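Here is how the chains run, residue by residue.
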Amino acid sequence: KYHPDVVKPQIASVPEPAEFDNIEEPVQTVEEVDFDTKSMTLLIVDDQDDILQFIKDEYASLFKTIYTAHDGKEALDLIRQRMPNVVVSDIMMPRMNGFELCKTIKTDLELSSIPVILLTSRSDPKNQDMGYKMGADSFLPKPFDSKLLYKIIRSQLKNRFEIKRQYATSFFTA
């Protein structure tokens, strides 16, 4: 029933399909094409062997070495021994969960520059918020698209590379 005090919501018009014809795909830049992860190392942390094996198989040709760990404590030992370039970790694991692992990495001066990407089946905003508070560089819900995960890994590694390059350049030119 109509009531004069109730304001009718305005609905935005939806673009016609023809309007989408002019949208261009993003063009890859030289830096995106040239940035290669084949000389880098990856650590995958998950208590499920099938996920560890899947990621390891998917990315075997994309990284120099792929390490695996079943929980945060095992991962932390590996990180201190091997210093991987990037860590991809589940959150829910025994002994030390992904939040604790992330916080430990990000509060240790020698490890804090390692990008940490969290994977989890618990993708509610509360868990994402907690992940970012612990210092996570990115967060991806399970099930995940392996191509998207690789793009995130590559983006994080490229960003770290650029920061180091700019720092080295400014350090020697100052």
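Cut-offs applied
Residues numbered from 1 in each chain as written. Predicted model: local features only at pLDDT ≥ 70, side-chain atom pairs only at ≥ 80, totals over all residues. Heavy atoms only, no water. Axes fitted to C-alpha atoms, helices over the stretch in contact; angles between N-to-C directions. Helix = DSSP H or I, 4+ residues; strand = E, 2+ residues; numbered from the N terminus. Parallel < 35°, antiparallel > 145°, perpendicular 65-115°, else oblique. Left-handed = near helix turned anticlockwise from the far one by under 90°. Contact = heavy atoms within 4.5 Å. Nonpolar A, V, L, I, M, F, W, Y, C, P; charged D, E, K, R; others polar. Pairing = 2+ DSSP bridges. Phe/Tyr/Trp six-rings, centres within 6.5 Å; stacked < 30°, edge-to-face > 60°. Buried < 20%, exposed > 50% of the residue type's maximum accessible area, 1.4 Å probe, protein only. Salt bridge = Lys/Arg side-chain N within 4 Å of Asp/Glu carboxyl O. pLDDT = per-residue confidence, 0-100.

As a packed pair, helix 3 (residues 72-82) and helix 4 (residues 98-106) sit with axes 9 Å apart at the nearest point and diverge in direction by 25 degrees. Taken together, the axes of helix 3 and helix 4 lie roughly parallel to each other. For the element pair helix 3 and helix 4, the recorded crossing hand is right-handed. Contact with helix 3, carried on its side by Gly72, Ala75, Leu76, Ile79 and Arg80, involves Leu101, Thr104 and Ile105 of helix 4 and no other residues of that element. Its residues assigned to classes, the contact of helix 3 with helix 4 comprises five nonpolar, two polar and one charged.

To continue, consider the sheet that holds strand 2 (residues 65-69). Here five strands make up an open sheet; going across it, the order is 2-1-3-4-5 and the pairing parallel. Where the open sheet ends on each side, the last strands, each with one partner, are strand 2 and strand 5 (138-141). Sheet twist, expressed as the mean angle between neighbouring strand axes with direction ignored, is 20 degrees. Direction of pairing for strand 4 (residues 116-120) relative to strand 5: parallel, over a ladder of four bridges.

The tally for this structure, following the rule as stated, stands at five aromatic pairs. For the pair tyrosine 59 and phenylalanine 63, a centre-to-centre distance of 6.2 Å together with 55 degrees between the ring planes defines the contact as tilted. The class for phenylalanine 63 is buried, based on a relative accessible area of 4%. When the ring of phenylalanine 63 is compared with that of tyrosine 150, the centres are 6.1 Å apart and the planes differ by 85 degrees; the resulting orientation is edge-to-face. Separated by 87 residues along the polypeptide, phenylalanine 63 in the loop between helix 2 (49-59) and strand 2 and tyrosine 150 in helix 6 (residues 146-173) bring together distant segments of the chain. Each of the two residues, phenylalanine 63 as well as tyrosine 150, counts as buried. Grouping aromatic residues by their ring pairs yields a cluster made of Tyr59, Phe63 and Tyr150.

Here the focus is the pattern of salt bridges. Enumeration according to the criterion identifies seven salt bridges in this entry. For lysine 142, the salt bridge is made with aspartate 46, and the minimal N-O distance between the two is 2.9 Å. One end of the pair, lysine 142, is in the loop between strand 5 and helix 6; the other, aspartate 46, is in the loop between strand 1 (41-45) and helix 2, with 96 residues separating them in the sequence. With respect to burial, lysine 142 and aspartate 46 carry one shared label: buried. Here aspartate 137 and arginine 160 are joined by a salt bridge, their closest N and O atoms 2.8 Å apart. Taken together, the residues span a long stretch of sequence, with aspartate 137 in the loop between helix 5 (125-133) and strand 5 and arginine 160 in helix 6 at a distance of 23 residues. Residue aspartate 137 is classed as partly exposed on the basis of its relative accessible area of 23%. Connected through shared salt-bridge partners, Asp46, Asp90 and Lys142 make up one network.

The amide bond that connects lysine 142 to the next residue, proline 143, takes the cis arrangement and shows omega of -10 degrees. Of note in this structure, methionine 83 is not a glycine but carries a positive phi near 45 degrees. The topology assignment puts methionine 83 in the loop between helix 3 and strand 3 (86-90). Positioned with a positive phi, arginine 95 is a non-glycine residue whose angle comes to about 65 degrees. Structurally, arginine 95 can be placed in the loop between strand 3 and helix 4.

What follows deals with the confidence of the model for the chain. Looking at the chain as a whole, the pLDDT averages 83, with 78% of positions reaching at least 70. Across residues 1-15, where pLDDT falls below 50, the model places one contact with residues more than four positions away in sequence or in other chains.

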